[in-house]
Amino acid sequence: MISRLDHIVSRISTNQHADTMERLTRAGFMKHIRCVEHVDGRVSTFFRLCGGYLELCTDDEHPADPCSIWLCSTDLPRALQCAQVVGGEPLHIVEQAPTGDDEPAWLIAHLPTFRQDGASVSLIQYLRGTGADLSPRMPQNGLFAIIGVSLRTEQPEQERLHYLSSLGTLEGITPSDHGRFFIGHQWLDFSGHLGLDYDGPLRLDRACCQVHMATVDLDRTVSMLTDAEFVVDRVPGMGVVAQLQCVPTLCLVLRTGLDPAWHRLQLLARNRL
């Protein structure tokens, strides 16, 4: 079954990497102890949350491409047997390990995207390594969990139908009436990119993906993000939104009211199913 939203990938150019890492560290995020070197030369750096990660991946060929959303599976082979893929395109498992490692670190499968320029959704099952971390450790900024992802697209209804035909068949995925996919208490949503009535300092037209994150202290979170040169503003219909100026595709929606201990127990329970 699909147990949780695992990580969100934002692409950055190599010359943005050092500055972006410094700002996220200054903003109070916990950096994972290791980076991942891909066989094609790209480098991924992870910032840790309970049960998930923000991943910044260098990509000089396509730095402006939409993000990737990764869903963690407890049994990926079974999930692929259940998935009904649009057009009959087969899904394949790929074993991968960071450069220099001898044994696979994870199994992955990519769902076909609805549009070539759209955000991608993938499934991952960890064999070892970062995915097992459901630590209750609290980042300095108070942000502790990914609770949802909003994808803003030109054709939200078609995007919903596209992923409903595959994700909707997997055990543990529940689509709501308006097409939001619930994974336990987390969710993946699609909405029109022109649907916001907003005219402020945030560059929401550059952010097709908004990551909804829970904090224990909104004032402390906003203060640290602002000090690290995030732009923070209240957006009608969304709430408090923070965007990194040098990487406008990294856009966070800040939420309160979720208990960290409850969140961790929910993740642990779903990982056992």
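Residues numbered from 1 in each chain as written. Predicted model: local features only at pLDDT ≥ 70, side-chain atom pairs only at ≥ 80, totals over all residues. Heavy atoms only, no water.

Caption draft 1: Local environment of the pattern of salt bridges. On inspection of all chains with the given rule, the structure shows eight salt bridges. Here Arg 4 ties to Asp 6 by a salt bridge, and the two come within 3.1 Å at their closest N and O atoms. Residues Glu 22 and Arg 26 are paired through a salt bridge, measuring 2.8 Å at the closest nitrogen-oxygen approach. Of this pair, Glu 22 and Arg 26 both sit in helix H1 (residues 14-26), four residues apart, roughly one helical turn. According to the relative accessible area criterion, Glu 22 is partly exposed, its value standing at 37%. The class of Arg 26 is partly exposed, set by a relative accessible area of 33%. Within the structure, one salt-bridge network assembled from shared partners comprises Asp 19, Glu 22, Arg 23, Arg 26 and Glu 229. (Salt bridge = Lys/Arg side-chain N within 4 Å of Asp/Glu carboxyl O. Helix = DSSP H or I, 4+ residues; strand = E, 2+ residues; numbered from the N terminus. Buried < 20%, exposed > 50% of the residue type's maximum accessible area, 1.4 Å probe, protein only.)

Caption draft 2: The nonpolar core, seen in detail. Core analysis: the largest hydrophobic core is formed by 51 residues, its most contacted members being Phe 29, Ile 69 and Leu 167. The contact partners of Ile 69, leaving out residues within four places of it in the chain, are Leu 5, His 7, Ile 8, Ala 119, Ser 120, Val 121, Ser 122, Val 149, Leu 151 and Leu 188. Tyr 53, Cys 57, Trp 70 and Ile 124 belong to the second-largest nonpolar core, a separate cluster that totals 12 residues. (Core = buried A, V, L, I, M, F, W, Y, C linked by side-chain atoms within 4.5 Å. Contact = heavy atoms within 4.5 Å.)

Caption draft 3: Just the environment of Arg 115, in detail. Structurally, the position occupied by Arg 115 is in the loop between strand S8 (106-110) and strand S9 (120-126). Take Arg 115: its relative accessible area is 22%, and that puts it in the partly exposed class. Sequence spacing of Arg 115 and Arg 128 is 13 residues, and the spatial spacing of their C-alpha atoms is 32 Å. Discounting chain neighbours no more than four positions away, the residues touching Arg 115 are Glu 154, Gln 155 and Glu 159.

Caption draft 4: Structural detail: the sheet that holds strand S16 (residues 239-244). Strand order in the open sheet formed by eight strands is S11-S12-S13-S10-S14-S17-S16-S15, with mixed pairing between adjacent strands. The strands lining the two open edges of the sheet, one partner per strand, are strand S11 (173-175) and strand S15 (230-235). Adjacent strand axes in the sheet meet at a mean angle of 25 degrees when their direction is disregarded. Relative to strand S14 (residues 209-215), strand S10 (residues 143-153) is paired through seven bridges, and the arrangement is antiparallel. Across the sheet, residue Ala 145 finds its bridge partner in S14, namely Ala 214. Packing against the sheet, helix H3 (residues 156-167) makes contact with S10, S11, strand S12 (181-183) and strand S13 (186-192), and its axis sits at approximately 145 degrees to S13. Contacts from helix H4 (residues 218-227) reach S10, S14, S15, S16 and strand S17 (251-255), with the element oriented near 135 degrees to S15. (Pairing = 2+ DSSP bridges. Axes fitted to C-alpha atoms, helices over the stretch in contact; angles between N-to-C directions.)

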